[in-house]
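# Secondary and tertiary structure notes
What follows is each chain in one-letter form.
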Amino acid sequence: MRERSNLEQATTDLASAPDAAEALRLGGLTAMTTGDYPGELAATLFCHGCPWRCPYCHNAHLLDAGQAPALDWAEAREFLARRQGLLDAVVFSGGEPTAQAALPAAMAEARALGFKIGLHTGGPFPRRLTRILPLVDWIGLDIKALPADYPLITGVPGSGEQAWESLQLVLDSGVDLEVRTTLMPGFDHPEYLAPLMQQLADAGVARYVLQQCRPHSLLDPELRARLPLAIDLPQNIPFAHFSLRQD
Ligand code: SF4
């Protein structure tokens, strides 16, 4: 059998490095959507893994970071190469895309193909986000609650501080930002939403979306009996752009 050259070996080692694009683990893709990146026709890639466990998560099948990928990066990149000139953007969603060390390399390759880059994140890894921000054109950032209340939703101590630090990093970077809050029983009344919205507006958030839990595929199936939540908004909405997402 022919011995492998040093170059072949080095290429294989690079491809198997956890931060190589080829290491990105995907659960699937949406080939074309206008709903994941405002104003752009996009393909959405769904990344495996998330450190949090929100009861309303509707992508529970993506949360396990160790499962076998349904799609590998080579297939996704080939798909994107065939869509050059037909799509505007690629959105990295999840799960939590920033959980994977391979994300920046995959984003850089998608950007090199000519696509704008969108990111859906909950912001659990502020330091990684700092590295990713120069590669991103638009971010949809979930802010789930006031910082102290996060563990009641994510199940993870300190998660609120991480998410709000990520918010500040995105605001400081100037990357286009939409902040979303998913309504959660107990955190859905105007007396809770008013100070949450005000704290976001004070931080500099201009574009904000309040969204209903989607009733299908919930991580906590018992939540379904309490949906849909009645939406009772605060009197003052302190954002230049506000919308309610009910789908
Ligand atoms: S809703 Fe988002 S942050 Fe929460 S468990 Fe699902 S993917 Fe993770």
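All figures in this text were calculated on a predicted structure; none of them were measured in a lab.

### Considerations on the layout of surface pockets
Empty space within the largest pocket amounts to approximately 820 Å³. Lining of the largest pocket is provided by 35 residues; of these, H58, N59, S93, G94 and D142 occupy positions nearest its centre. Of all elements in the fold, only β1 (25–33), β5 (116–121), β6 (138–142) and β7 (176–182) reach the threshold of two or more residues within the lining of the largest pocket.

### Considerations on the site of the ligand
All residues adjacent to the ligand are C50, W52, R53, C54, C57, L63, G95 and K144. Mapping the ligand onto the cavity grids shows that it belongs to the largest pocket. Residues that form the shell around the ligand fall into these classes: five nonpolar, one polar and two charged.

### As for the pattern of salt bridges
Pairing between side chains becomes possible if they bear opposite charge and their charged atoms approach one another. For the structure shown, the criterion picks out seven salt bridges. Through salt bridges with shared partners, a single ionic network connects E22, R77 and E109.

### Observations concerning the environment of P51
Of note, P51 is situated in the loop between β2 (42–47) and β3 (71–72). Separated by 74 residues in sequence, P51 and F125 place their C-alpha atoms 9.7 Å apart. Setting aside its immediate chain neighbours within four residues, P51 contacts E96, P124, F125 and V156.

### Side note on the packing of aromatic side chains
Working definition: an aromatic ring pair is given by the centre-to-centre distance plus the angle between the planes. Inspection of the entire model under this criterion finds six aromatic pairs. Ring geometry for W52 against Y150: centres 5.9 Å apart, planes inclined by 70 degrees, an arrangement best described as edge-to-face. Here Y150 lies in helix α5 (residues 150–154) and W52 lies in the loop between β2 and β3, a separation of 98 residues in the sequence. We note that W52, like Y150, is buried. Through a chain of ring-to-ring contacts, three or more aromatic side chains come together here, namely Y208, F239 and F242. Across the ring face of F125, the terminal group of R128 is positioned such that the distance to the ring centre comes to 4.2 Å.

### Describing helix α3 (residues 103–112)
Within α3, burial applies to L103, P104, A106, M107 and A110. Taken down its axis, α3 places every buried residue within 160 degrees of arc, on the same side. Each element contacted by the buried residues of α3 is listed here: α2 (73–82), β4 (89–93), β5 and α4 (126–132). G114 sits one or two positions beyond α3 and adopts a positive phi of about 105 degrees.

### Let's talk about the side chain of D188
In this structure, D188 sits in the loop between β7 and α7 (190–203). Side-chain polar atoms of D188 contact the backbone nitrogen of G186, separated by 3.3 Å.

### Focus on the sheet that holds β4
Here nine strands make up an open sheet; going across it, the order is β3-β1-β2-β4-β5-β6-β7-β8-β9 and the pairing mixed. Two strands lie at the open edges of the sheet, namely β3 and β9 (241–245), each paired on one side alone. Strand direction decides the pairing type here: β1 and β2, joined by five bridges, are antiparallel. Residue pairing in the sheet places G28 in a bridge with F46 of β2. Taken strand by strand, α7 contacts β7, β8 (207–211) and β9, and its axis lies near 155 degrees from that of β8.

Cut-offs and rules
- Residues numbered from 1 in each chain as written.
- Predicted model: local features only at pLDDT ≥ 70, side-chain atom pairs only at ≥ 80, totals over all residues.
- Heavy atoms only, no water.
- 1 Å grid on protein atoms, 1.4 Å probe; cavity = no way out; pocket = protein on both sides within 12 Å on 5 of 7 lines; lining within 4 Å.
- Points joined across faces, edges and corners; volume = space filled by probe spheres on them.
- Helix = DSSP H or I, 4+ residues; strand = E, 2+ residues; numbered from the N terminus.
- Near = heavy atom within 4 Å.
- Sits in = over half its atoms within 2 Å of the grid points.
- Nonpolar A, V, L, I, M, F, W, Y, C, P; charged D, E, K, R; others polar.
- Salt bridge = Lys/Arg side-chain N within 4 Å of Asp/Glu carboxyl O.
- Contact = heavy atoms within 4.5 Å.
- Phe/Tyr/Trp six-rings, centres within 6.5 Å; stacked < 30°, edge-to-face > 60°.
- Buried < 20%, exposed > 50% of the residue type's maximum accessible area, 1.4 Å probe, protein only.
- Lys NZ or Arg CZ within 6 Å of the ring centre and 35° of its normal.
- Arc of directions from axis to C-beta.
- Polar contact = N/O pair within 3.5 Å; in protein donor to acceptor, adjacent residues only side chain to side chain.
- Pairing = 2+ DSSP bridges.
- Axes fitted to C-alpha atoms, helices over the stretch in contact; angles between N-to-C directions.

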